[in-house]
Amino acid sequence: MNVKKLIETQVEEIKKTVGSGKAISALSGGVDSSACTVLAHRALGPQLKSVFIDHGLMRAGEPQEIAKIFAGLGIAVDIADKKKEYFAALKGKADPEEKRKAFRYAFYSSFGKEVLKSKARFLIQGTIAADIIETQKGVKTQHNILEQIGIDPEKGFGFKVIEPLKELFKHEVRLVAKELGLPESIWNRMPFPGPALATRIIGEVTPERVDLVRAATVIVEEEAAAHKPFQAFAVLLEDKGTGIVGGKRSFGHIIIVRSVESRDAMTAEPSPLPWATLMKISKRITTDLPQVTRVAYELTGKPPATIEYI
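In what follows, the accompanying structure is described. Just so you know, these numbers come straight off a predicted model, no measurement behind them. (Residues numbered from 1 in each chain as written. Predicted model: local features only at pLDDT ≥ 70, side-chain atom pairs only at ≥ 80, totals over all residues. Heavy atoms only, no water.)

## Focus: the pattern of salt bridges
Rules: Think of a salt bridge as a Lys or Arg side-chain nitrogen and an Asp or Glu carboxyl oxygen that are within 4 Å of each other. Here a helix means four or more residues in a row that DSSP labels H or I, a strand means two or more in a row labelled E, and each is numbered from the N terminus. Note on exposure labels: buried denotes an accessible area under 20% of the residue type's maximum, exposed denotes more than 50%, and partly exposed covers the range between, all computed with a 1.4 Å probe on protein chains only.
Scanning the model with the defined rule gives 17 salt bridges in all. As a salt-bridge pair, Asp32 and Lys170 come within 2.8 Å of each other at their nearest N and O atoms. Of the two residues, Asp32 sits in helix α2 (residues 31–44) while Lys170 sits in helix α8 (residues 170–179), which places them 138 residues apart along the sequence. Here Asp32 and Lys170 have matching classes, each one buried. A salt bridge links Lys82 to Glu114; the shortest N-O distance between them is 3.7 Å. Here Lys82, found in the loop between β3 (77–81) and α4 (83–90), pairs with Glu114, found in helix α5 (residues 96–118); they are 32 residues apart in sequence, far enough to count as distant. Assigned by exposure class, Lys82 and Glu114 land together as buried. Where salt bridges share partners, they join Lys49, Asp78, Lys82, Glu114 and Lys117 into one cluster.

Written as structure tokens, this is what we have:
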């Protein structure tokens with residue numbers, strides 16, 4: 001892959017498609033959406049508005065952190081608070097596919113409002129090849145797939161979609177992001193799913209359950225970082241387990257620790273994390289989050305499992 005040539009081609013293609021109109025870039029802070037945002041900014045300059053939707057499902061401090069990084073690149077980012085809309089969309093839903101579809105509808109509805117407000121006609125998003133393949137094969141619904149499964153975004157939400165990276169896989173997107181001048185904290189960061197922490201909660205997604213899995217995720221990411229896994233995170237189960245807290249019986253939450261090695265996210269194997277690291281993760285989670293009484297490590301590859309839990 002000729003990275004420089006690809007960047008030049010996509011910048012020109014975005015210019016040609018948008019013309020003299022306006023566009024919005026859907027920025028989440030992951031390498032895919034970040035690369036798309038920089039590509040679009042190069043192509044459109046002041047015709048582009050970059051929007052970070054704060055749906056309440058991101059990692060700790062992420063909206064402000066991403067806005068600060070992009071400000072350093074000369075790209076202003078608007079943070080749109082949409083927590084109420086997203087939690088309302090997910091309320092009462094436990095089925096994994098229903099949750100993913102509810103998130104997708106909230107995602108495009110919220111950006112539809114931003115497009116309308118900005119009088120834009122185009123939404124630029126970081127769809128990559130794996131998103132399309134897994135959605136079309138029925139492995140799971142990716143939140144950013146519409147046209148590829150027969151849904152017209154212009155009819156449904158009022159905008160056309162531009163997907164500059166849709167033919168690339170994750171390792172190729174990293175090369176593009178690096179060439180674009182994004183910091184290593186972005187181009188080499190762990191993948192994070194579009195539906196965010198909703199994919200790491202079994203059962204209903206509530207603000208309280210999100211807070212719990214978010215805090216556990218901080219611990220897992222910190223302790224696994226030295227081993228440089230492709231992806232490492234915490235999952236909150238719906239079941240509970242008996243434990244002992246303060247010398248008394250407690251019926252507490254169960255956290256699954258998941259860490260995998262992969263190149264393109266199409267297949268994956270569990271990371272061989274050292275026993276000392278796993279014990280430290282377990283100790284920190286149960287100490288810092290006393291409502292959690294059990295921590296387990298996931299040993300399943302992809303396939304038969306997916307990397308995320310829903």
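Structure's up, so let's keep going.
## Notes on the environment of Ile256
We apply this condition: Any two residues whose heavy atoms approach within 4.5 Å at even a single point are treated as in contact.
Note on placement: Ile256 falls in strand β7 (residues 248–261). Residues Ile256 and Ala296 lie 40 residues apart in sequence; the distance between their C-alpha atoms is 4.9 Å. Not counting the four nearest positions on each side in its chain, Ile256 is found in contact with Phe233, Ala234, Val235, Leu237, Ala296, Glu298 and Tyr309.

## What to know about the nonpolar core
The nonpolar side chains of a soluble globular protein tend to be buried, and buried together. Going by this rule: Here, nonpolar core means buried Ala, Val, Leu, Ile, Met, Phe, Trp, Tyr and Cys residues that are tied together by side-chain atoms lying within 4.5 Å of each other.
Leu57, Phe70, Ile124, Leu165 and Ile285 are the most contacted members of the largest nonpolar core, which totals 83 residues. Here this core takes eight residues from α2, the largest share from any one element. Formed by 10 residues, the second largest nonpolar core is a distinct cluster that contains Ile254, Ala265, Ala268 and Ile307.

## So, the packing of helix α1 (residues 3–18) against α8
The relative placement of two packed helices is expressed as an angle between their axes plus a distance between the axes. To keep it simple, the criterion reads: With axes taken as lines fitted to C-alpha atoms, and helix axes fitted only over the stretch in contact, angles between N-to-C directions fall between 0 and 180 degrees. Working definition: roughly parallel below 35 degrees, roughly antiparallel above 145 degrees, roughly perpendicular at 65 to 115 degrees, and oblique for all remaining angles.
Contact geometry for α1 and α8: axes closest at 10 Å, N-to-C directions at 80 degrees. Considering the angle they form, α1 stands roughly perpendicular to α8. In this structure, α1 contributes Val3, Lys4, Leu6 and Ile7 to the contact, and α8 contributes Leu175, Val176 and Glu179.

## Observations concerning the packing of α2 against α8
The test is simple: Crossings are sorted by hand: turned counterclockwise from the far helix by less than a right angle, the near helix makes the crossing left-handed, and turned clockwise it makes it right-handed. Gly falls in the polar group here, along with every residue not listed as nonpolar (Ala, Val, Leu, Ile, Met, Phe, Trp, Tyr, Cys, Pro) or charged (Asp, Glu, Lys, Arg).
Remark: α2 packs on α8, axes separated minimally by 9 Å, with the N-to-C direction vectors making an angle of 40 degrees. In this view, α2 runs oblique relative to α8, as classed from their interaxial angle. α8 is crossed by α2, and the crossing has left-handed handedness. Here Val31, Asp32, Ala35 and Arg42 of α2 lie close against α8, whose contacting residues are Lys170, Val173, Arg174, Ala177 and Glu179. Considered class by class, the residues forming the contact of α2 with α8 number four nonpolar, no polar and five charged.

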